[in-house]
Amino acid sequence: MRPLRFLLDLIYPPKCPFCGRILERGEEGWCAACQGGLPWTEPEDGKAVDGCDVCLSPLWYRSGARDGMHRYKFEGGQGHARLFGELMAQCLQDRWAEPIDLITWAPLHPKGRRKRGYDQAELLARRVGELTGLPVESTLEKARATETQSQTGEDEARKANVQGAYRALPGLDLTGKRVVLIDDVATSGATLAECAAVLRQAGAGSVVGLTFARAR
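Now for a description of the structure that goes with this document. Since this is a predicted model, take the numbers as computed values, not measurements.

## Let's talk about helix α4 (residues 81-95)
Then, number 1: A rise of 1.5 Å per residue sets the reference length of α4, with its 15 residues, at 21 Å; its end C-alpha atoms lie 21 Å apart and thus fit the reference within 8%.
Then, number 2: On its buried side, α4 packs onto β1 (54-56), β2 (59-60), α3 (63-74), α6 (120-132), β6 (178-186) and β7 (206-214).

Next comes the structure, spelled out in structure tokens:
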């Protein structure tokens, strides 16, 4: 182990992002209990959302997966993108055999990014790109700040909340491109649907949604 890493681990012992327990010797990234006990999805659980050919997610959004995402988004846990992106990359490789041209993400509004200090979907997208070797491109911007989707309520309210909130970057041409669209969590699918619609308007031939977790 490198001396700096050893010192940091003494001062800030690595913890499992899902349950918060300090990792034991030999545990890397997450604890053994969570590896076996998380709410994993099955291949047949992937289904289409509006605008996307399919929506793939390694986990259901409950219990440890929900706790881990909360730590990632709201407790400064941007380092968790490394493991979360690994799970997403593996899910994509295992469950989608069609060719892919690029990876993109559903971006935060600039105000939200400044407040959080990072864009959680972008970090996940870049990690998935790193592991799969696929190019990662910024294609969208969030032109209007919205309420947090988890606090919006029913599906129709969530759709209204993000309607018209995203637009393509100037000059974007995705004619015929096969795109993977990444977000953190799919609940109603409204954000993915809105972003996918913009990507298709820019010419995307197919859009595959990929999230860390999804609600049933």
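## Details of the nonpolar core
Then, number 1: Counting 37 residues, the largest nonpolar core has F18, I182 and F212 as its most contacted members.
Then, number 2: For this core, the secondary-structure elements that each account for two or more residues are β1, α3, α4, β3 (102-105), α6, β6 and β7.
Then, number 3: Here this core takes eight residues from α4, the largest share from any one element.
Then, number 4: Setting aside residues up to four positions removed in sequence, F212 forms contacts with F18, S57, P58, L59, A65, M69, F84, L87, M88, D183 and D184.

## Comments concerning α3
Then, number 1: A rise of 1.5 Å per residue sets the reference length of α3, with its 12 residues, at 16 Å; its end C-alpha atoms lie 16 Å apart and thus fit the reference within 8%.
Then, number 2: Among the residues of α3, G64, A65, G68, M69, Y72 and K73 are the ones counted as buried. Along the axis of α3, the buried positions cluster into a sector of 160°, meaning they face one direction only.
Then, number 3: If you follow the buried residues of α3, they end up packed against β2, α4, α5 (110-116), α6, β6 and β7.

## Structural notes on the pairing of β7
Then, number 1: When you tally the buried positions in β7, you get nine out of nine residues, the bulk of the element.
Then, number 2: Sheet topology places β6 next to β7; eight bridges connect them, and they run parallel. Paired with D183 across the bridge in β7 is T211.
Then, number 3: With respect to chirality, the unit in which β6 leads through helix α8 (residues 190-201) into the neighbouring parallel β7 is right-handed.

Reading guide: rules and limits
Residues numbered from 1 in each chain as written. Predicted model: local features only at pLDDT ≥ 70, side-chain atom pairs only at ≥ 80, totals over all residues. Heavy atoms only, no water. Helix = DSSP H or I, 4+ residues; strand = E, 2+ residues; numbered from the N terminus. Expected span 1.5 Å × (residues − 1). Contact = heavy atoms within 4.5 Å. Core = buried A, V, L, I, M, F, W, Y, C linked by side-chain atoms within 4.5 Å. Buried < 20%, exposed > 50% of the residue type's maximum accessible area, 1.4 Å probe, protein only. Arc of directions from axis to C-beta. Pairing = 2+ DSSP bridges. Right-handed = clockwise from strand over helix to strand, strands pointing away.

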